[in-house]
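Chain and residue survey
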Protein chains: 2
Amino acid sequence: MNCGIKMKVIIPVSPINSLKTRLSEFLSGEERKNLLLNMLKDIIKALDGLDIVIVSRDEEILDFAKNELKAETIKEKYKGLNNAIKQAFEEIEDKEVIIIPADIPLIKKKHIEDILKLSKNYDLIIAPSRGGGTNLLYLKSKDLIEIKYEGFSFLKHLEEAKKRNLRYYIYDSFLISVDINTPEDLGEIFIHGNDTYTKNYLKSLGIDVEPKHSSAGRFVVKRR
Amino acid sequence: MNCGIKMKVIIPVSPINSLKTRLSEFLSGEERKNLLLNMLKDIIKALDGLDIVIVSRDEEILDFAKNELKAETIKEKYKGLNNAIKQAFEEIEDKEVIIIPADIPLIKKKHIEDILKLSKNYDLIIAPSRGGGTNLLYLKSKDLIEIKYEGFSFLKHLEEAKKRNLRYYIYDSFLISVDINTPEDLGEIFIHGNDTYTKNYLKSLGIDVEPKHSSAGRFVVKRR
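Residues numbered from 1 in each chain as written. Chains lettered and ligands numbered in written order. Predicted model: local features only at pLDDT ≥ 70, side-chain atom pairs only at ≥ 80, totals over all residues. Heavy atoms only, no water.

Going by UniProt, chain A carries the name 2-phospho-L-lactate guanylyltransferase and comes from Methanocaldococcus jannaschii. Its UniProt record, at the heading Subunit, says of chain A: "Homodimer." (UniProt positions renumbered as here; feature names shortened; annotations may be inferred.)

In structure tokens form, the structure reads like this:
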């Protein structure tokens, strides 16, 4: 399904067994898998009308992507996020790409509409994650920069853009910055994730949140 | 200094001795005070051209506000953030207000320009903090809602707007969402705070950050 936009959205997804280990004290392996699949459904909803390819080593994820999400898939040959994205670059024909992770369920269609509008005037558009990462990267052409998803990738990708005098834009979004790695992150879903698959799934597990103001975090995340 | 906009920006500031206790393991009392004053300078820079009133119980902060920041001041009579804001509402003439905290040094002039444009079409504009709080609240008139800065104030302020059928807008900004409460929060200043007073002050203390991916956080914040 494509509304005439010659662009591919690339979503790299880690294998289920390595999923969100920082959530393991809170969610079982099966629950973490279901959390991921629900997050992917929320993300796909925001990408409505765009061509999507999911890159993974995990057959279960690739099957889900094909059958449930109706996305194209690429089986990863090499380990590591940068390698997975470079492999996708080689295997897809499209030049124009957006790269997003599989754990930003608060991303909305409006964000993508903004990015598509901005893409007319910019070579590179980047949305930060918390902690200095990159939660959305648009490239007018996939060969414009070296992909550097490690360390403070936000700064590294900006450096790449400046080095090549690219027209770049920092897309400042709290909702896109929220990626789900720790129980604390789940709290943001309860605040901002109304009518998302992700929040509904977490509620079905009996999870709920309360405010907390301490150096150990801003939420008390509990299970009935 | 006012560019003809009949609006007041209210910045409530807690007393210095109660400041950022969650940073006390990392910064001395004097350093936390200087951090606050530098954050205020960054915020005032973003508010260029608007009338500002700083509300506090702390004489040192009120003096700094008058002499350094050239802001109006209100000496708090009652404890608590809601009381401080209600007192400000009573003492200022302006109807139209923006309320922001004193610890969001990544706020930029562009954000305020956006808010001023949006204010033509909305009664209430709200920007979330992490953890379900409110890091910016614009009210077309200060009597439109009940101020509720406690618990998940973001949800409470939205509820107030819905209850009264106000036209409200959620302003989605990562940079405004970053408030400084824990050493981990300082990391975001190093990534996104280039040429801010706040980052320069932290660097003068020999502080620096490195990436970290663990459930305990996304930064290693260190001091030489």
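1. Section: the pairing of strand β3 (residues 72-75) of chain A
Residue and element names in this part refer to chain A. Relative to β3, strand β2 (residues 51-56) runs parallel, the two sharing 4 bridges. Pairing of Ile54 across the sheet is with Thr73, part of β3. The parallel pair β2 and β3 is bridged by helix α2 (residues 59-67), and the resulting crossover is right-handed. (Pairing = 2+ DSSP bridges. Helix = DSSP H or I, 4+ residues; strand = E, 2+ residues; numbered from the N terminus. Right-handed = clockwise from strand over helix to strand, strands pointing away.)

2. Notes on the pattern of salt bridges
Residue and element names in this part refer to chain A. Throughout the structure, instances matching the rule amount to 40 salt bridges over all chains. Between Glu60 and Lys33 there is a salt bridge whose closest N-O contact spans 2.6 Å. Taken as a pair, Glu60 in helix α2 and Lys33 in helix α1 (residues 29-46) lie far apart in primary sequence, 27 residues in all. On the accessibility criterion, Glu60 (40% relative accessible area) is partly exposed. Given the relative accessible area of 12%, Lys33 is considered buried. A salt bridge links Lys222 to Glu210, with the shortest nitrogen-to-oxygen separation between them at 2.6 Å. (Salt bridge = Lys/Arg side-chain N within 4 Å of Asp/Glu carboxyl O. Buried < 20%, exposed > 50% of the residue type's maximum accessible area, 1.4 Å probe, protein only.)

3. Focus: the pairing of strand β5 (residues 124-128) of chain B
Residues and elements named next belong to chain B. Of all 5 residues that make up β5, 5 are buried, and the element is covered over most of its length. Residues Leu124, Ile126 and Pro128 of β5 are buried on one face, and the alternating residues Ile125 and Ala127, pointing to the opposite face, are buried as well. Summarising the sheet, β5 and strand β6 (residues 134-139) pair through 5 bridges and their orientation is antiparallel. What sits directly across from Ile125, in β6, is Tyr138.

4. So, the side chain of His111 of chain A
By the element assignment, His111 of chain A lies in helix α4 (residues 109-118). Among the polar contacts listed, one links the side chain of His111 of chain A to the side chain of Asp172 of chain B, at a separation of 2.7 Å. (Polar contact = N/O pair within 3.5 Å; in protein donor to acceptor, adjacent residues only side chain to side chain.)

5. Description of the relation of the copies chain A and chain B
When chain A is brought onto chain B, the operation consists of a screw motion whose angular component is 180° and whose axial shift is 0.0 Å, with 0.0 Å RMSD remaining. Such a combination of rotation and displacement between the chain copies is what one expects of a two-fold axis. By C-alpha distance to the rotation axis, the residue of chain A lying nearest is Phe174 of chain A, at 1.9 Å. (Least-squares fit on C-alpha atoms with pLDDT ≥ 70 in both.)

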